[in-house]
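# Descriptive structure summary
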Amino acid sequence: EHDPEGNVHYLFGHVASKLSIPTNGEEIELFINYGPIYENVRLRKGYSELSAEEKETKLKELKKEDESYMEEVDSFSGENVVDCIRFFVDLFLSEKKSRLSEMVRQRAAVIISRLRERAQDILIFKEEPTMIDSINDSIARAEQLLKDLK
């Protein structure tokens, strides 16, 4: 199962599963190495086993990727912005705030802020007159989300 932060949880010892590992009713933690494809997650969460020099290089690359994505938001259409904000609203409504890590809340707030700014630009520059109501609603929802994430 995936949790809101994207972590995968494997449920072992569950009677209904084909794979059953006896745990005598106790919860056990199972560590799985997902290989290099998961390294970005390990870096962000602070448990990468890369050398200090490799970590620094990879973290700089991740920052550039993040900045590139944020620049991409500036080209989103009104429909894209509305859909993205709706995604965050649905995600955070379905999860308890306390279950989200501080890092997830901070990163979400940055993206939501950028989406809100893009929505405001669409309105100011009258880029999509047929979406005014949807965009205004999305701006209000984004602002509420940002308050809730604090």
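Residues numbered from 1 in each chain as written. Predicted model: local features only at pLDDT ≥ 70, side-chain atom pairs only at ≥ 80, totals over all residues. Heavy atoms only, no water.

### Some remarks on helix α4 (residues 102–124)
Rules: Note on conventions: DSSP H or I runs of at least 4 residues are helices, E runs of at least 2 residues are strands, and numbering of each starts at the N terminus. Here the expected span of a helix is defined as 1.5 Å times the quantity of residues minus one. Any two residues whose heavy atoms approach within 4.5 Å are treated as being in contact.
Spanning 23 residues, α4 covers 33 Å between terminal C-alpha atoms, matching the ideal 33 Å at 1.5 Å per step. Tucked into the core, α4 has its buried residues touching α2 (52–73), α3 (78–94) and α5 (132–149).

### Structural notes on the packing of aromatic side chains
Describing an aromatic ring pair means giving the distance of the ring centres and the angle of the ring planes. Rules: Pairing of aromatic side chains requires ring centres within 6.5 Å, counting the rings of Phe and Tyr and the six-membered ring of Trp. Pairs whose planes differ by under 30 degrees are stacked, by over 60 edge-to-face, and all others tilted. Any residue under 20% of the maximum accessible area for its type is buried, any over 50% is exposed, and the rest in between are partly exposed; the area is computed with a 1.4 Å probe on protein chains only.
Tallied over the full model, the rule gives three aromatic pairs. Relative to Phe88, the ring of Phe87 lies with its centre 5.5 Å away and its plane at 75 degrees, an arrangement referred to as edge-to-face. Note on Phe88: relative accessible area 12%, which makes it buried. When the centroid spacing of 6.0 Å and the interplanar angle of 15 degrees are considered together, the rings of Phe88 and Phe92 count as stacked. You can see Phe88 and its partner Phe92 sitting in helix α3, four residues apart, about one turn around the helix. Taken as a pair, Phe88 and Phe92 share a single burial class, namely buried. Counting every residue linked through ring pairs, the aromatic cluster contains Phe87, Phe88 and Phe92.

### Concerning the nonpolar core
What tends to happen in soluble globular proteins is that the nonpolar side chains get buried as a cluster. To keep it simple, the criterion reads: Among buried residues, the Ala, Val, Leu, Ile, Met, Phe, Trp, Tyr and Cys ones that are joined through side-chain atoms within 4.5 Å form a nonpolar core.
Judged by nonpolar contacts, the single largest core of 24 residues is most densely connected at Phe88, Phe92, Ile112, Leu115 and Ile135. Those elements giving two or more residues to this core turn out to be α2, α3, α4 and α5. A total of seven residues in this core trace back to one element, the largest contributor, which is α4. If we ignore the near neighbours within four places in the chain, the residues touching Phe92 are Leu100, Ala108, Ile112, Leu145 and Leu149.

### Re the confidence of the model for the chain
Quick reminder of the rule: Here pLDDT means the predictor's own confidence in every residue, given as a number from 0 to 100.
Mean pLDDT over the chain: 85, with 81% of residues reaching 70 or higher. The weakest mean pLDDT in the chain belongs to helix α1 (residues 39–45) at 87; the strongest belongs to α5 at 95.

### Description of the pattern of salt bridges
We count it as follows: The salt bridge definition used is simple: a Lys or Arg side-chain nitrogen within 4 Å of an Asp or Glu carboxyl oxygen.
Applying the stated criterion across every chain yields a total of eight salt bridges. With a shortest N-O distance of 2.9 Å, Arg42 and Glu39 are connected by a salt bridge. Residue Arg42 and its partner Glu39 are located together in helix α1, separated by three residues, close to a single helical turn. By relative accessible area, Arg42 is classed as buried at 12%. Given the relative accessible area of 11%, Glu39 is considered buried. Ionic contacts of the salt-bridge type, sharing partners, join the residues Arg44, Asp66 and Arg107 into one network.

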